[in-house]
Amino acid sequence: MSIDRAHADHAHEHPTWKQYKWVALWLFLITVVEVWAYYIPAFVASKAFVPVLLLMSAVKFTMVVMFYMHLKYDHQLFRKLFVGPLIIAGATLVAFLFLFKG
Amino acid sequence: MTTATTATAGAHEAHEHTHYTTTGLDNKKIAIWAFIGSECMLFGSLISTYLVYKGRSVVGPFPHEAWTSPTGQVFKPILDIPVTSASTFVLLMSSLFMVLALAAVENKGKPGYEGRLGSSKFWLLATALAGATFLGFQAYEFTSFVHEGLTIKTNLFGSSFFTLTGFHGTHVAVGVLWLMTLLFIDMKRGLGPTDAIIVDICALYWHFVDVVWIVIFTLVYLIQ
Amino acid sequence: MASSAATPTHAHAASYSSEQSGLWSWLTTVDHKRIGILYLYTALFYLLVGGLEATLIRTQLAKPNLSIVSADFYNQLFTMHGTTMVFLVVMPLSAAFFNYLIPLQIGARDVAFPRLNAFSYWVYALGGLFITLPIFWGLAPDGGWFGYAPLSGPTYGGGYNMDFWVIGLQILGISSLAAAFNFITTIINMRAPGMTLMRMPMFTWMSFVVQFLVILAFPVITAALFFLQFDRFFGTQFYEVAAGGDPLLWQHLFWVFGHPEVYILILPAFGLVSEVLPTHSRKPLFGYNVMVYSGIMIGFLGFGVWAHHMFAVGMGPVADSMFSVATMLIGLPTGVKIFNWIATMYGGSLRFPTSMKFAIGLIAMFTIGGISGVMHSSPPSALQQTDTYFIVAHFHYVLYGGAMMGIFAGIYHYFPKMTGRFMSERLGSWQFWLNFVGLNLTFFPMHFSGMLGMPRRIYTYDAGQGWDLFNMMSTVGTYMLLVAGLIFAYNFFSSKKNGAPAGSDSWGAPTLEWSIPSPPPEYNFAQIPEVTSRYPMWDLKAPDRMAGIEHSHPDAGVIAEAHAVPMHEETERRTASELGISMPFNTIKPFLVALGIIIMLSGLIVLHVGNFPLAMGVMLGGGAFMVGSLYAWLTSPLE
């Protein structure tokens, strides 16, 4: 829990235009693959469908958060402020799915 | 590192009337991240509810399956994947526009930057328009669902679907309003590096709304 | 603000910040101390309201088969008693201390967002009226403070009563959330140089944890309330069992919020007690680090125990066991705190002013409530105890014996700082002992009536079930508590006028807030202090107690340099403008935004009445008013 004045500087370390463009391209491509997968009945029926889709979604999520929201470059503090609640929200969601399964 | 820190602290003080902050970070940015953390729980609850109620509706229409009503009326699966894929794409691209708007504001006045990357006004407008387009898609989606017989009152799916996506749409609408406000300020007096923080917090909000949609798109639309 | 016409305040002249007085100055204030005082007065008013509700409940239950109030009104009474005490009393009393103390304890001139702070208060004040006033028309919420759906939904609760509850809670949530973002930012970013996290006073630490609980728990109740609102006003089916809705959805969502809420209520009191005990034991807090970690641990585990409120609904053995184990686990960090407080007192040279009595009272009473809590962490016991007076006994021991005792300790401790005068110790002692006896007389017998099967929330009962004596005891105890409350009120207001003058360091306490005059000037610190240890004031005044405490400055343990701790009594009697300190402007806009929100949401009630055009008018008008005021606020400079 050390919050100090280090890393206060962020403007200079932001990713560049090139990175932004690549991230956008990946976001687009993954979305295309997601929708494509949706239209393959055999794949939809398989056990791999849900995990694969969740994984792709998680990758997109992480990319936006890391690059567009600058969490990869910004102060540690922001990462803590975001990831902490995210974990609690995720755990609560999983608990709900479990509790309401029966 | 030391020089960099001092430099930012200096710029920061000029902006914030020499107010000292413990971390050297801007208060607004800490607050918006705390807010985003809080929003994780809000959308977590909405999504949980949607998933818990998935498949529990006693009458149709349903998201992914066709349904024949007791009176013999046939409803097709209601979710329209092609249209939503298009709106998803628009929202994803709006995030790209947003980072470019922020970069343009942060680098305003640097030699050669605007010519290469476009002005902050352009990108702010592009982001707002993309957001408005997304809202247009959503309005189309909602009205066509109502025409097909699914309202917020029809069944559990209708209630939880319209509430979840409606909340997201409201967030987008607030974001569009926010972007338009920034655009207005930019046109009136110009946004420069010292204003980067007010664009930054709007950008963080906007991207968060985008990542929420990434999750909704997968969990609500694609997974059956 | 800060007109230079101000006269220097004397330490004992109870004027809160220089020239400020009159209604308008209170409506427009952005000073965290004045907002803290607004919170304090408002919450104490609601304490009276909630207390009177409790008195009526207990009067109705004094003997079998009474009908002092109607059954219908009784439902409103117990619902509003719970809602009032949780949302309008204990949380805002804590907020009063957050506001008043956090900036002082961390060496800041104000909170991070002074206007947002005013906004939080006004949303709370107006929202409180919104939810409280309907009782005068017999329209108060009547579905329990937990508003279990579908009972609170349109099918079984179709009147206006629960409308006020659903909307009112939503409004109060906005207040708590806005305040929480503000305090998180304040604590992270407004600490004076040298005030590292592990040097923060324990109250600030516990408040820090609480703010995170608020931002994570309140969105969940917000979502649950939205579903209920939509069910009630727009015909959705979230909680409609006939449509396949699960009655447990509300319960789960509510308790995901509700259990962290319990810690939101108790941790600030723990923090206050952790300030009082070291001061009057004249000994550093025992195990500071462990106290911090146990607080964080309580906060974190608090999100994993919610379903222990629901053991009776049949979640199955796996879920029951997991929540049971997690609940027993959370007893550990709580127990650690109890032991640390006792160890703080052990070997200290103790004084027993009223604040200390209340602090020790908290340790004892909370332990009783904590232990009965561990009892129903076991599902088989919980099945016996659920919905009986045993539960009522349990949570009143933790909330009255815990939270309220801690808050009274805090009020007696910090009253001199806020007003420059001491409260009467003689009356304080009377209040404490009456409180102590009254609370045990009220709540201890409830363990027995509960074990004998008396259900919660019943309107009346037949004689001959073995409950009569216990109920009479509880009622007599409640009247004692009422008398204690009146003594407190008298003490509070008379001491404000005539109390003995208290210097800046009224109790010989160790933390920064005691280094400035009482009441503090509007800018708090003429010079932002530089902090070199956890107990800067003891560095100066009692270095002998500081043997085991780390310092960042090699000599600071013995000699505090002139700049290290401001003891600049004289400088700090000057006004902000004399010192060249820029203070935020007063502004009415946060109040207007709050008002806009209330008007907008009131439109839902009109909608329920059935006047659609008027409802839309009120909602759109209120919404436009809110947005307009918000823009006016955001585009006007802070200072």
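Since the structure is predicted, the reported quantities are computational estimates derived from the model, not experimental observations. (Residues numbered from 1 in each chain as written. Chains lettered and ligands numbered in written order. Predicted model: local features only at pLDDT ≥ 70, side-chain atom pairs only at ≥ 80, totals over all residues.)

**A look at the overall build of chain B**
- From N to C terminus, chain B includes 7 helices and 2 strands.
- Taken from the N to the C terminus, the helices and strands of chain B come in the order α-α-β-β-α-α-α-α-α.
- Taken across its 224 residues, chain B has 51% of its residues classed as buried.
- When contacts within chain B are restricted to residue pairs at least 6 apart in sequence, those whose partners lie at least 24 apart make up 73%. (Helix = DSSP H or I, 4+ residues; strand = E, 2+ residues; numbered from the N terminus. Buried ≥ 20, exposed ≤ 12 C-beta atoms within 10 Å, placed from the backbone. Contact = placed C-beta atoms within 7 Å.)

**What to know about the overall build of chain A**
- Along chain A, the regular secondary structure elements total 4 helices and 0 strands.
- Secondary structure elements in chain A, listed N-terminal to C-terminal, are α-α-α-α.
- Of all 102 residues assigned to chain A, the portion counted as buried reaches 33%.

**What about the interface of chain A and chain C?**
- With 10 residues of chain A in contact, the opposing surface of chain C contributes 10 residues.
- Residues of the side of chain A that touches chain C, tallied by class, amount to 8 nonpolar, 2 polar and no charged. (Nonpolar A, V, L, I, M, F, W, Y, C, P; charged D, E, K, R; others polar.)

**With respect to the nonpolar core**
- Counting residues in each nonpolar core, the largest one holds 275 residues, and the members touching the most others are Ala101 of chain B together with Ala224, Val273, Leu362 and Ala409 of chain C.
- Examining the composition of this core, we find that 23 residues originate from one element, helix 6 (residues 202-234) of chain C, more than from any other.
- In this structure, Ala101 of chain B is in contact with Ser120, Trp123, Leu124, Thr127 and Val199 of chain B, ignoring residues within four places of it in sequence.
- Counting 7 residues, the second-largest nonpolar core is a separate cluster that includes Trp507, Ala509, Trp514 and Met537 of chain C. (Core = buried A, V, L, I, M, F, W, Y, C linked by C-beta atoms within 7 Å.)

**Let's talk about the interface of chain A and chain B**
- Counting residues at the interface gives 42 residues for chain A, matched by 44 residues for chain B.
- A total of 12 residues in the side of chain A that touches chain B trace back to one element, the largest contributor, which is helix 4 (residues 76-99) of chain A.
- Looking at the side of chain A that touches chain B residue by residue, the classes come out as 31 nonpolar, 6 polar and 5 charged.

**Thoughts on helix 5 (residues 161-189) of chain C**
- In this model, helix 5 of chain C (29 residues) spans 43 Å end to end at C-alpha, consistent with the 42 Å of a helix rising 1.5 Å per residue.
- Judged by how many residues are buried, helix 5 of chain C sits mostly within the fold: 27 of 29 residues are covered. (Expected span 1.5 Å × (residues − 1).)

**Considering the packing of helix 4 (residues 114-132) of chain C against helix 5 of chain C**
All names here are of chain C.
- Contact geometry of helix 4 with helix 5 gives a least axis separation of 8 Å together with a crossing angle of 165°. Taken together, the axes of helix 4 and helix 5 are roughly antiparallel relative to one another. In terms of crossing hand, the pair formed by helix 4 and helix 5 is left-handed. Each of Leu116, Asn117, Phe119, Ser120, Val123, Tyr124, Gly127, Phe130 and Ile131 in helix 4 lies in contact with helix 5, whose residues at this interface are Phe164, Trp165, Gly168, Ile171, Leu172, Ile174, Ser175, Ala178, Ala179 and Asn182.
- Across the contact of helix 4 with helix 5, the residue classes break down as 13 nonpolar, 6 polar and no charged. (Axes fitted to C-alpha atoms, helices over the stretch in contact; angles between N-to-C directions. Parallel < 35°, antiparallel > 145°, perpendicular 65-115°, else oblique. Left-handed = near helix turned anticlockwise from the far one by under 90°.)

**Some words on the environment of Ser159 of chain B**
- Residue placement: Ser159 of chain B occurs in helix 6 (residues 156-189).
- C-alpha separation for the pair Ser159 of chain B and Lys54 of chain B, spaced 105 residues apart in sequence, amounts to 11 Å.
- Not counting chain neighbours up to four residues away, the residues in contact with Ser159 of chain B comprise Ile152 of chain B together with Thr236, Gln237 and Phe238 of chain C.

**Things to note about the confidence of the model for chain A**
- When the pLDDT values of chain A are averaged, the result is 86; 85% of them are 70 or greater.
- Under a pLDDT of 50 for its full length, residues 1-12 of chain A has, in the predicted model, 28 contacts with residues more than four places off or in other chains. (pLDDT = per-residue confidence, 0-100.)

**Observations regarding the environment of Tyr73 of chain A**
Residues and elements named next belong to chain A.
- As for its position among the elements, Tyr73 is in the loop between helix 3 (49-68) and helix 4.
- What makes Tyr73 partly exposed here is the crowd of 17 C-beta atoms within 10 Å.
- Each C-alpha atom, one on Tyr73 and one on Gly90, is 24 Å from the other, the two residues being 17 residues apart in sequence.

**Here's the deal with the packing of helix 3 (residues 81-106) of chain B against helix 5 (residues 120-147) of chain B**
Residues and elements named next belong to chain B.
- Relative orientation of the contacting elements helix 3 and helix 5 amounts to 160°, with a least axis distance of 8 Å. Comparing the axis directions of helix 3 and helix 5 gives the class roughly antiparallel. As helix 3 runs across helix 5, the sense of the crossing is left-handed.
- A class-by-class count of the residues in the contact of helix 3 with helix 5 yields 17 nonpolar, 8 polar and 1 charged.

**A few points about the environment of Tyr39 of chain C**
- Along the chain, Tyr39 of chain C turns up in helix 2 (residues 32-60).
- Not counting residues within four places of it along the chain, the set of residues in contact with Tyr39 of chain C comprises Pro92, Ala95, Ala96, Asn99 and Tyr121 of chain C.

**A word on unusual backbone geometry**
- Residues Ala149 of chain C and Pro150 of chain C are joined by a peptide bond in cis, for which omega reads 5°.
- Relative to the assigned elements, Pro150 of chain C resides in the loop between helix 4 and helix 5.
- A cis amide bond links Ser518 of chain C to the next residue, Pro519 of chain C, at an omega of -10°.
- Along the chain, Pro519 of chain C turns up in the loop between helix 14 (468-498) and helix 15 (536-541).
- The phi dihedral of His70 of chain A falls on the positive side, at around 65°, and the residue is not glycine.
- Assignment of secondary structure puts His70 of chain A in the loop between helix 3 and helix 4.

**As for the confidence of the model for chain B**
All names here are of chain B.
- Per-residue pLDDT for chain B averages 88, and the proportion of residues at 70 or more is 89%.
- For chain B, the element scoring lowest by mean pLDDT is helix 1 (residues 2-15), at 36; helix 2 (residues 27-52) scores highest, at 97.
- Predicted confidence is poor over residues 1-17, with pLDDT under 50, and the contacts of this stretch with residues over four places away or in other chains come to 17 contacts.
- Among the scores for the predicted complex, ipTM is 0.92 and pTM is 0.93.

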